[in-house]
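# Examination of the molecular architecture
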Amino acid sequence: MKQSWDRIFEWIIKHEGGFVNHKDDPGGMTNLGVTRKVWSDWIKREATEKDMRALTKDDVKPLYKKWYFDKVKGDSLPAGVDWCVVDVAVNSGPSRAAKMLQKCVAAKQDGAIGPMTLKAVADENAEQLVKQMHEIRQKFYDDLGKPMFIKGWTRRNDETRDQALNMLGDY
């Protein structure tokens, strides 16, 4: 396994923060970026508020690895590109992250990263992919029409781009 997973996980947790239950957030009750629905699916029972408030980084790390990092083939993506794609997967879903990446490389936008997408990614410049992912993601956020969240989403997107550019060539 590449050495990016542990670093990426720490950045995810920093972005996601602690327990929230914002009335305008369609995800509802969330802790460490994991919604109540996602946690319920992971533990295969309805999560209580007590369960959600008690979540730790160690609890959620395997979920993030399996359902987000592995789902978008994080270990098969170039350094930096992996972080951009994984952060979109966490924030907006693995399928949307895959489609954004596929748009960048002019691959079929089917929402699943497979051999053809990985080949197209390998043929592209990683720095350009990071910048394109940033632009596509920002347009997605801007088009959502959620002014109460746009400042935070933009900050997150910019930070992810900058971190990703610093990762280029790490492995």
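Summarised in this report is the structure supplied together with it.

The rules behind the values
- Residues numbered from 1 in each chain as written.
- Predicted model: local features only at pLDDT ≥ 70, side-chain atom pairs only at ≥ 80, totals over all residues.
- Heavy atoms only, no water.
- Helix = DSSP H or I, 4+ residues; strand = E, 2+ residues; numbered from the N terminus.
- Rg over C-alpha atoms; globule rule 2.2 N^0.38 Å.
- Buried < 20%, exposed > 50% of the residue type's maximum accessible area, 1.4 Å probe, protein only.

Summing up its helical and strand segments, the chain has nine helices and two strands in all. Listed N to C, the secondary structure of the chain is α-β-β-α-α-α-α-α-α-α-α in terms of helices and strands. On C-alpha atoms alone, the chain measures out to a radius of gyration of 16 Å, which is about the 16 Å that the 2.2 N^0.38 rule sets for 171 residues. When its C-alpha atoms are laid out on the principal axes, the chain stretches across 45 × 35 × 30 Å. Each of the 171 residues in the chain was classed as buried or not, and the buried ones make up 47%.

Another aspect to go through is unusual backbone geometry. Its identity is not glycine, yet Leu32 carries a phi of approximately 55°, on the positive side. Of note, Leu32 is situated in the loop between strand S1 (30–31) and strand S2 (34–35). Look at Leu32 and you get buried, because its relative accessible area is 10%. The phi angle at Lys44 is positive, at roughly 60°, despite the residue not being glycine. Examined against the element boundaries, Lys44 turns out to sit in the loop between helix H2 (36–43) and helix H3 (49–54).

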